[in-house]
Amino acid sequence: MARARLLLVLAVSLLLVLGLARPASCEPHLPVVVPVTKDTQTSLYTIPFHDGATLVLDTAGPLVWTTCQPDHIPAALACTSPTCKLANAFPFPGCRASSSGSSCPANSHDKCTVYPCNPVTVACAPGDLSHTRFVANTTDGRNPVRQVSVKALAACISPRDDKMLLEKLPVGSAGMAGLAGTGLALPAQVAASQGLPADKAKFLLCLPRGSAGGPGVAILGSGGPLYLLAGQPEDYTRSLQYTPLVVTRKDHPSYYVSVKSIAVDNAAVPEKALATGRVVLCTRTPYTLLRRDVYRPFAAAFEAALAKQIPRAKKTKKPPVKPFTLCYEAASLANTLSGYLVPTVTLAMEGGGKWALAGSNSMVDVKPGTACLAFVEMPGVKAGDGSAPAVIVGGFQMENFVLQFDLEKKRLGFFRLPVSTQCSRFNFTRTG
Ligand SMILES: *[C@@H]1O[C@H](CO)[C@@H](O)[C@H](O)[C@H]1NC(C)=O
Ligand SMILES: *[C@@H]1O[C@H](CO)[C@@H](O)[C@H](O)[C@H]1NC(C)=O
C-alpha cells in the first residue's frame with residue numbers, strides 16, 4: 001500500500017516535471033489510438049514511432065526507450081530525483097550494468113542514468129532520460145479523430161550501443177515501448193500527455209494474428225470503447241469478463257493473473273501447480289510457455305481428448321517440430337471459422353471468467369501440411385520450480401482477444417472476438 005502511494009506520488013511529480021499540469025480546455029480528453037503490427041520474423045508486436053521507425057510493445061516493460069535522436073534534449077534530472085528513482089525501480093534481472101552503475105549517494109548531483117534492456121537478448125546499456133514526442137491520433141473508439149503530438153520521457157541509448165540493444169528486435173524498430181503499470185511506461189505517459197488521470201490509466205490491446213490482414217489496435221489513455229468493422233455495431237468492451245491483476249513481486253512490473261485450472265474440452269487437467277504458480281501475460285513470448293509440471297499433463301490431456309474426437313488422430317500424428325511437441329497432419333483436422341476443430345482449451349480465471357481458446361488460438365501451422373499444439377514447455381525450468389511462473393501467456397494466445405488493462409481497478413478485462421470480426425478490422429480512416 002505504501003509502495004502504491006509512493007508510485008502515485010512519483011507519477012504526480014513526473015507530471016510536474018513534464019509540465020503537463022495544464023488548465024482544463026474545452027477539448028474533450030480523448031485517448032490515443034495506435035496501429036499494432038505483428039512482425040513475422042520475430043513474432044513481436046510493434047507500433048509506429050518516428051520517421052517510419054517502430055517501437056516494440058512489451059507488456060512487462062517499465063520504460064519507453066529508443067535510440068537517441070540527433071536533436072534529443074536530455075531531461076535535466078539528478079540521480080536523486082524521484083523520476084530517476086522511478087526509472088531505476090525495476091532493474092531487469094540479469095542486467096549487470098544497472099547494479100554496478102546505479103549508485104547514487106544522497107545529495108549527489110550526478111546526472112540521472114537509466115539502464116534500458118532488450119529482454120529478448122537480455123542486453124542492457126546506460127542511457128539518459130530525454131523528452132521525446134510522437135505523433136498519434138486521438139480516437140472515439142471507432143475511427144482516428146485528430147492528430148496529436150504525445151509528449152513522453154524516454155530513455156535514450158547512445159548510438160554506440162544501438163546495435164547491441166536492438167539485436168533480435170524487428171527490422172526497423174528503434175526501441176521498446178513498455179506497457180507496464182508504472183509511471184514511466186507508455187500508458188501512464190500517454191494519459192498524462194492527453195490530460196487524462198495517469199493514476200487511473202487504462203489501456204486496451206487487440207493484437208493482430210499476422211501482418212497480412214492489416215494492423216491490430218492499441219488504445220492508450222483509456223480502455224475503450226472499441227468498435228470494429230464487420231462486427232456487431234456495439235462496443236466490444238461491454239462484453240469483457242474480468243479477472244484481478246495480482247501483484248506478486250514488487251520489483252516486477254509484469255501483469256500477473258490467477259488461473260484456477262486448465263481444462264481441455266471441459267475436463268480439468270490434473271495438476272497442482274496452478275494453485276500457487278504465477279501466471280503472467282507477456283507479449284514478448286510468441287507462444288504460451290507452460291512449466292513442465294503443467295505442460296506434460298496438459299499436452300497428454302489434449303492428445304487424449306483429440307483422439308476421442310477423431311479416432312484416427314493417433315495415426316495422423318507427425319514428428320514434432322521444435323519448439324512444439326504435439327503435431328498432426330493438417331489435412332486430418334477439420335477446419336472451422338475459428339480454426340482447426342480441436343478440443344477447446346479453457347483457462348478458468350480467478351473471478352469466474354473463462355479464457356477459452358479454440359483452434360485458431362491453440363493450433364499453429366508450422367509448415368505446409370503440419371499443425372502443432374501452440375504451447376511450449378518452459379525451457380530451463382524444473383517442474384514445480386516456484387521461482388518461475390507456472391504459465392507465461394504468449395502473444396499467439398492473446399491475438400484477436402480484446403484485452404483491457406485497468407490499472408486503477410487492478411483488473412484485466414478479456415473477450416475473444418467473434419469470428420465475424422478481427423483485431424485488424426479497426427477503421428483507421430479519420431472521420432471528418
Ligand atoms: C492519423 O490518422 C490519419 C487518417 O487515418 C492517418 O493518415 C495518419 O497517418 C494517422 N497518424 C498517425 C500518426 O497514426
Ligand atoms: C470508415 O470510417 C469512415 C469515416 O467515418 C467512413 O466513411 C467509412 O465508411 C468507414 N468504413 C467502413 C468500411 O465502414
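Small disclaimer: the values here were computed from a predicted structure and weren't measured.

Brief notes about the site of ligand 1
Here is step 1 of the chain: Contacts to ligand 1 come from Val 135, Ala 136, Asn 137, Pro 144, Gln 147, Phe 428 and Arg 430.
Here is step 2 of the chain: Between a nitrogen atom of ligand 1 and a side-chain N or O atom of Gln 147, the distance comes to 3.0 Å.
Here is step 3 of the chain: Contact with the protein chains hides 58% of the accessible area of ligand 1, taken as 360 Å² for the molecule alone.
Here is step 4 of the chain: Of all the secondary structure elements, the ones that give two or more residues to the shell around ligand 1 are strand E8 (127–139) and strand E9 (144–157).
Here is step 5 of the chain: No other element matches E8, which puts three residues into the shell around ligand 1.
Here is step 6 of the chain: In terms of residue class, the shell around ligand 1 is made up of four nonpolar, two polar and one charged.

Quick word on the sheet that holds strand E18 (residues 288–290)
Here is step 1 of the chain: One open sheet holds the five strands; their spatial order is E14-E17-E28-E18-E27, and the pairing between them is mixed. Of all strands in the sheet, those bounded by a partner on one side alone are strand E14 (255–257) and strand E27 (375–377). Neighbour-to-neighbour, the strand axes of this sheet turn through a mean angle of 25 degrees, independent of strand direction.
Here is step 2 of the chain: As paired elements, E18 and E27 share three bridges and run parallel to each other. Its bridge partner being in E27, Thr 288 is matched across the sheet by Phe 375.

Rules and cut-offs
Residues numbered from 1 in each chain as written. Chains lettered and ligands numbered in written order. Predicted model: local features only at pLDDT ≥ 70, side-chain atom pairs only at ≥ 80, totals over all residues. Heavy atoms only, no water. Near = heavy atom within 4 Å. Polar contact = N/O pair within 3.5 Å; in protein donor to acceptor, adjacent residues only side chain to side chain. Areas by Shrake-Rupley, 256 points an atom, 1.4 Å probe, with all protein chains shown as cover. Helix = DSSP H or I, 4+ residues; strand = E, 2+ residues; numbered from the N terminus. Nonpolar A, V, L, I, M, F, W, Y, C, P; charged D, E, K, R; others polar. Pairing = 2+ DSSP bridges. Axes fitted to C-alpha atoms, helices over the stretch in contact; angles between N-to-C directions.

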